[in-house]
Amino acid sequence: MAMKQEIFNARVTFRKSPIHVLERFTLGDIENAYSSFQKHTDLQECVILQTCNRVEIFGSGTKHDIDKIKKVWASLSGLEEHAFQDNLEWSKDSDVYDHLLKLTSGLDSMVVGEEQILGQIKNSIASARSNKSSGEHLNTLFDKAIRVGTRVRNSTGISKGSISIGSMAVKLAEENVDDMKLKHILLIGTGDAAALVAKSLTKRGYQFSITSRTIERSTSFSKTIGGTPIDFNQILSGFEKYDVVFVATTAPYFLVTHERIQKALNEKNSGMMILDLSNPRTVDEKVAELSGIKLMNIDQIAEMVDKNMRSRMGQKTSAEQIIKEELTVLEASMKRLEAEPIVKDVFKNMDEIRIKELEKAMNMLGDLDPDKKKIIDDLTKSVVENIVSVPMNNLRKETEQGNSELIDTVGKLFNYKKKIDST
Ligand SMILES: NC(=O)c1ccc[n+]([C@@H]2O[C@H](COP(=O)([O-])OP(=O)(O)OC[C@H]3O[C@@H](n4cnc5c(N)ncnc54)[C@H](OP(=O)(O)O)[C@@H]3O)[C@@H](O)[C@H]2O)c1
């Protein structure tokens, strides 16, 4: 029996694992990860996708052993194998195609429709290609999924109207705070997430203070994106000057503590709204228990973005519809790949026979002018093609429909059995 190629996906994502847990599953040096998976698992092809919301391994091979994959993954991330128990999701063939189509379309993102993931997937397959760790199966799958993702985005507008996490945070502040223009606004953090907040604040005409551990970062941030730079330690010693605080840092501990906010509240006679975009949190959730404090965290902000998206455009359903149609097409293309090695071999072998016989005949015919030679050459080509192409196209069609037994039969007929087994 020809061994069927299977496509697998193993993933740890924000859906099952909080970000601080997810972070422990990251694979470190990607090139090293590729070579370890190739050496120590049965995967013949491999693509790694690693973003701040997911770590995913796509693989292709005639057999798979999840334990081997977990073992390599665990050793790369410095984890015990039992860490996978509550966090790992695992799927095969059509379920993988469906998952990847949802990923490229932005349907599996925290903020539905966000654009970043499509670029991240493009980078992943490009780096797998240059590492030669992906091959015909995963290259086909990713190329098609990227095309579908682009189609979904272009024809549904799922990304176009999508509101960024930054502008949603500002919108939520406006909804919860009266007279925002008169309030003192602080932004802690000078990275990508902070930039999204700053752009939205500037666009809506709000003045704000910007702070980062490194004063140079706040100064250059203020020049390029906006805000007035403030010394970080000065902020930490007193939040009382501020009414609205946006926080977006990768600090591994709480910067905005219960104690600091309690102190600020004692010194001012009004409340505060705090919006924490960080994951893991930079603001201690206990702060929300203080009276006069309204706290929103990243999950709540992302949920609002998602709701807003759906109610405004109802695009998710049409995106899902396109994915459903495209999934059938993709399944057929992936199945068809199974027939390709034997089809290629049959054509190659027939052509070798043709050339051998042609040379014999040409030798017997002696000197012929080039025009006549060409007529005979073309004749042999068209005879071979006409005879072989019908059965080969039938083989492709049958394989597309999932009838892979025919591959074995053709293998037997053409003596190719051994060759398919070893690919
Ligand atoms: N990027 C996004 O689109 C996005 C979307 C949703 C949520 N988030 C979340 O937002 C947070 C920030 O992400 P990002 O993409 O903006 O990261 P980033 O571009 O790497 O920026 C990190 C920021 O954190 C600050 N920082 C790092 N360690 C710190 C510490 N120990 N104390 C104080 N500040 C520290 C850095 O400033 P200094 O170097 O000056 O300390 C910098 O301003 C993350 O938790 C992320 O999960 C990001």
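Residues numbered from 1 in each chain as written. Predicted model: local features only at pLDDT ≥ 70, side-chain atom pairs only at ≥ 80, totals over all residues. Heavy atoms only, no water.

> Please provide a residue-by-residue account of the packing of aromatic side chains, values included.
With the rule as written, the count across this model stands at 5 aromatic pairs. When the ring of F25 is compared with that of W73, the centres are 6.3 Å apart and the planes differ by 85 degrees; the resulting orientation is edge-to-face. Residue F25 is found in the loop between α1 (19-22) and α2 (30-40), and its partner W73 is found in helix α3 (residues 66-77); the two are separated by 48 residues along the sequence. Look at F25 and you get buried, because its relative accessible area is 0%. According to the relative accessible area criterion, W73 is buried, its value standing at 1%. Through pairs of rings, three or more aromatic residues link up here, namely F25, W73 and F84. Over the ring of Y206 we find K181; its NZ or CZ atom is 5.1 Å from the centre of that ring. (Phe/Tyr/Trp six-rings, centres within 6.5 Å; stacked < 30°, edge-to-face > 60°. Helix = DSSP H or I, 4+ residues; strand = E, 2+ residues; numbered from the N terminus. Buried < 20%, exposed > 50% of the residue type's maximum accessible area, 1.4 Å probe, protein only. Lys NZ or Arg CZ within 6 Å of the ring centre and 35° of its normal.)

> An account of the pattern of salt bridges is needed here, citing residue identities and associated values.
Across all of its chains, the model carries 27 salt bridges by this definition. D98 is the salt-bridge partner of K102, the closest N and O atoms lying 2.9 Å from each other. A residue pair is termed a helical-turn pair when its members lie 3 or 4 positions apart in one helix, as K102 and D98 do in helix α4 (residues 94-105) at 4 residues. The exposure class of K102 is partly exposed, given its relative accessible area of 26%. Residue D378 is joined to K374 by a salt bridge in which the shortest nitrogen-to-oxygen separation is 2.8 Å. (Salt bridge = Lys/Arg side-chain N within 4 Å of Asp/Glu carboxyl O.)

> Could you give an account of the sheet that holds strand β4 (residues 89-92), with specific residues and numbers?
Taken in spatial order, the 4 strands of this open sheet run β2-β3-β1-β4, and their pairing is antiparallel. Each edge of the open sheet carries a strand with a single partner, namely β2 (45-51) and β4. Across the sheet, the mean angle from the axis of one strand to that of its neighbour is 15 degrees, orientation sign disregarded. Examined bridge by bridge, β2 and strand β3 (residues 54-61) share 7 bridges and lie antiparallel to one another. Looking across to β3, one finds that L49 is bridged to E56. Its contacts with the sheet place helix α5 (residues 116-130) against β2 and β3, and it is angled at close to 145 degrees to β2. (Pairing = 2+ DSSP bridges. Axes fitted to C-alpha atoms, helices over the stretch in contact; angles between N-to-C directions. Contact = heavy atoms within 4.5 Å.)

> Which residues make up the packing of helix α6 (residues 136-156) against helix α13 (residues 315-336), and what are the values?
It is at 10 Å that the axes of α6 and α13 come closest, and there the two elements cross at 155 degrees. Relative to α13, the element α6 is oriented roughly antiparallel. As for how α6 packs across α13, the hand of that crossing is right-handed. Where α6 abuts α13, its residues H137, T140, L141, K144, V148, R151, V152, S155 and T156 lie against Q315, S318, A319, I322, I323, E325, E326, L330, S333 and M334. Its residues placed into classes, the contact of α6 with α13 shows 8 nonpolar, 7 polar and 4 charged. (Parallel < 35°, antiparallel > 145°, perpendicular 65-115°, else oblique. Left-handed = near helix turned anticlockwise from the far one by under 90°. Nonpolar A, V, L, I, M, F, W, Y, C, P; charged D, E, K, R; others polar.)

> Quick one: what's the story with the site of the ligand, residue by residue and with numbers?
In the vicinity of the ligand lie 21 residues, with T190, S212, R213, T214 and N279 positioned nearest. In the environment of the ligand, an oxygen atom lies 2.7 Å from a nitrogen or oxygen atom belonging to the backbone of N279. Surface burial for the ligand is 80%, taken as the share of its 890 Å² of free accessible area covered by protein chains. When grouped by side-chain class, the residues that make up the shell around the ligand number 9 nonpolar, 9 polar and 3 charged. (Near = heavy atom within 4 Å. Polar contact = N/O pair within 3.5 Å; in protein donor to acceptor, adjacent residues only side chain to side chain. Areas by Shrake-Rupley, 256 points an atom, 1.4 Å probe, with all protein chains shown as cover.)

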